[in-house]
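# Observations on the three-dimensional arrangement
The lines below spell out each chain.
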Amino acid sequence: MQIELIIFGAMLAVFIVGCFLFKLPVSVAMVLASVTGTLVGGRGIPIRHLVEGTFGYIDTILVIATAMIFMKVIQESGALNALSASIIERFHKRPAISLIFLMIIVMFPGMITGSSTASVLSAGSIIAPIFILMGIPKLEAGAIIAIGGILGMIAPPVNIPAMIIGGGIDIPYVGFTIPLLLLTIPVAIFTVLFLGYKYVKELNYEEVKKNISLVEKEKYGFKLYIPIFVVLILMVGTKALPRVFPDLGMPLIFIIGAVSGLFTGNKINPLKVGKDAVKTSLPVLGILMGVGMFIQVMTLTGVRGFIVINCLSLPSVLLYLAIAVAIPLFGAVSSFGAASVLGVPFLLALLGKNEIVTASALSFIASLGDLMPPTALAGIFAAQVVGEENYTKVLKKCAVPALVIIVYGLLFIVFAKQIAGFIY
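Residues numbered from 1 in each chain as written. Predicted model: local features only at pLDDT ≥ 70, side-chain atom pairs only at ≥ 80, totals over all residues. Heavy atoms only, no water.

Turning next to a nonpolar patch on the surface. A contiguous nonpolar surface patch, about 640 Å² in accessible area, is contributed by L39, I45, I47, V51, F55, I58 and L62. When residues of the nonpolar patch are traced back to their parent elements, those giving at least two are α3 (47-54) and α4 (58-77). As for its placement among the helices and strands, I45 is situated in the loop between α2 (26-40) and α3. (Patch = residues over 30% accessible without salt bridge, like charges linked within 9 Å, V, L, I, M, F, W, Y side chains within 5 Å. Areas by Shrake-Rupley, 256 points an atom, 1.4 Å probe, with all protein chains shown as cover. Salt bridge = Lys/Arg side-chain N within 4 Å of Asp/Glu carboxyl O. Helix = DSSP H or I, 4+ residues; strand = E, 2+ residues; numbered from the N terminus.)

Written out as structure tokens, the structure is:
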């Protein structure tokens with residue numbers, strides 16, 4: 001047996017035992033697994049590599065932290081609540097359209113933060129009670145929130161798994177917008193209608209209206225949405241009009257949006273909001289630091305190269321089967337880790353196809369890692385926001401949409417050239 005396989009097996013074993021048996025936080029289990037890898041690989045405890053790996057995703061960490069602050073500001077200002085109320089008020093006679101728009105609101109935080117957790121904990125916590133008031137059972141509501149969270153994580157403008165996969169073979173994060181929209185929006189519409197429409201056909205708006213707040217909408221009006229437009233304009237402007245808009249970077253854009261939100265709605269305590277935002281995002285940030293260390297050790301000990309070589313040697317049928325099975329399962333470590341460890345070698349094995357469309361589809365499938373136990377971030381937090389103690393019940397309701405994500409993603413990979421020809 002090759003030493004690389006032994007090292008990888010030891011790292012996975014320690015991670016699984018740490019998470020399941022000792023109930024350690026995922027980030028701590030990853031640190032222990034990383035140290036195990038260096039010890040088994042005969043490298044001792046190389047502090048430099050462990051620290052370097054911890055800061056491997058520092059840019060992503062800054063984006064998530066600042067984006068969460070922005071989301072907390074617009075949540076506390078009343079903007080998300082007002083937007084939800086407006087959609088129900090405007091489209092209550094067309095429940096299917098209401099569901100689709102509410103699903104997009106669920107996705108929105110993930111779209112700008114690249115984190116499914118951000119979607120579930122911010123917009124999800126606001127929309128979940130509305131889904132339940134509309135007549136959707138809490139398990140189905142939780143599943144919609146969970147799938148909406150992972151689809152938001154993959155939808156543009158911020159898709160961290162795609163950035164990680166592209167970065168592995170030096171593809172700039174340019175040209176991903178349309179492929180990612182074609183992947184996420186149809187599945188989002190299917191999911192919310194498949195899981196929720198049969199329960200809201202006869203929506204009683206007067207009953208729902210009693211339980212939604214219109215206070216912010218009536219008090220502040222359009223002013224509530226200024227921070228969202230500020231962020232969108234700065235994001236789009238830096239890409240479309242680089243001579244007019246300097247490239248401020250995503251963290252600074254989110255901070256500017258958050259500052260503008262302090263003056264557009266409900267009174268906000270900036271210090272409290274900042275602390276709550278960072279506290280909420282800490283599990284995700286910790287996982288990213290753990291993933292960075294995990295990947296660094298895999299590279300140091302040769303495990304990553306071993307995986308790349310074996311992926312490149314797979315026949316076509318087994319390659320697609322491995323993509324459908326291995327990427328989501330490895331996502332139990334982290335969807336970001338799955339994108340880095342498996343997404344990059346699979347993209348290398350598929351270089352004959354359009355790299356942007358293929359990387360988009362691989363990131364799409366990698367998102368299912370956030371539904372895989374023991375981490376299952378999207379599933380666990382979605383269960384919490386709908387008041388379900390056993391998160392596996394929510395995950396079972398996600399089975400059909402998850403299968404659709406795998407099949408649809410594989411179709412995009414198989415027909416990547418044709419899709420690229422249509423898009424570009």
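Applying the stated rule across the entire model yields 8 aromatic pairs. Judged by centre distance (6.3 Å) and plane angle (80°), the rings of F364 and Y408 are edge-to-face. With a gap of 44 residues between them, F364 in helix α19 (residues 355-366) and Y408 in helix α22 (residues 399-414) connect regions that are remote in the sequence. Residue classification places Y408 among the partly exposed positions, given a relative accessible area of 23%. (Phe/Tyr/Trp six-rings, centres within 6.5 Å; stacked < 30°, edge-to-face > 60°. Buried < 20%, exposed > 50% of the residue type's maximum accessible area, 1.4 Å probe, protein only.)

With that out of the way, let us pick up the packing of helix α15 (residues 270-301) against helix α18 (residues 335-349). Axis angle and axis distance: for two packed helices, these are the angle between their axes and the distance between the axes, and together they describe the pair. Relative orientation of the contacting elements α15 and α18 amounts to 20°, with a least axis distance of 9 Å. Judged on the interaxial angle alone, α18 and α15 are roughly parallel. Like other packed secondary-structure pairs, α15 and α18 cross with a definite hand, here right-handed. Across the interface between the two elements, L288, V291, I295 and M298 from α15 touch F336, G337, S340 and V341 from α18. In terms of residue class, the contact of α15 with α18 is built from 6 nonpolar, 2 polar and no charged. (Axes fitted to C-alpha atoms, helices over the stretch in contact; angles between N-to-C directions. Parallel < 35°, antiparallel > 145°, perpendicular 65-115°, else oblique. Left-handed = near helix turned anticlockwise from the far one by under 90°. Contact = heavy atoms within 4.5 Å. Nonpolar A, V, L, I, M, F, W, Y, C, P; charged D, E, K, R; others polar.)

Quick look at the nonpolar core now. Judged by nonpolar contacts, the single largest core of 143 residues is most densely connected at F131 and I323. Examining the composition of this core, we find that 11 residues originate from one element, α15, more than from any other. In contact with I323, not counting residues within four places along its chain, are P328, F346, L350, L362, I365, L410 and I413. (Core = buried A, V, L, I, M, F, W, Y, C linked by side-chain atoms within 4.5 Å.)

On inspection of all chains with the given rule, the structure shows 4 salt bridges. The salt bridge partner of R48 is E52, with a shortest N-O separation of 3.0 Å. Taken together, the residues R48 and E52, both in helix α3 and 4 residues apart, mark about one turn of the helix. Take R48: its relative accessible area is 55%, and that puts it in the exposed class. The closest approach of N and O atoms between E388 and K138, which form a salt bridge, is 3.7 Å. Separated by 250 residues along the polypeptide, E388 in the loop between α20 (377-386) and α21 (391-397) and K138 in helix α8 (residues 138-154) bring together distant segments of the chain. Residue class for K138 comes out partly exposed when judged on its relative accessible area of 35%.

On to the packing of helix α10 (residues 177-200) against α19. Their axes nearest at 8 Å, the elements α10 and α19 cross at an angle of 35°. Seen from above, α10 lies across α19 with right-handed handedness. Between α10, through P179, L180, L183, T184 and V187, and α19, the contact on the second element is made entirely by I356, V357, S360, A361, S363 and F364. Taken together, the residues of the contact of α10 with α19 break down into 8 nonpolar, 3 polar and no charged.

Once that is clear, we can look at the side chain of S86. Looking at where S86 falls in the secondary structure, it is placed in helix α5 (residues 79-91). Polar contacts involving the side chain of S86 include one to the main-chain carbonyl oxygen of A82, which spans 2.9 Å. Contact partners of S86, with chain neighbours within four places excluded, come to K217 and Y225. (Polar contact = N/O pair within 3.5 Å; in protein donor to acceptor, adjacent residues only side chain to side chain.)

Further remarks concern the state of the cysteines. Here the structure, examined in full by the defined rule, presents 0 disulfides. The structure places no disulfide on C19, whose sulfur is separated from the nearest cysteine sulfur, that of C398, by 20 Å. When its relative accessible area of 7% is taken as the criterion, C19 is described as buried. (Disulfide = S-S within 2.5 Å.)

Per-residue confidence for the chain gives a mean pLDDT of 86; residues scoring 70 or more make up 97%. Mean pLDDT values for the elements of the chain range from 69 in helix α11 (residues 205-209) up to 95 in α22. (pLDDT = per-residue confidence, 0-100.)

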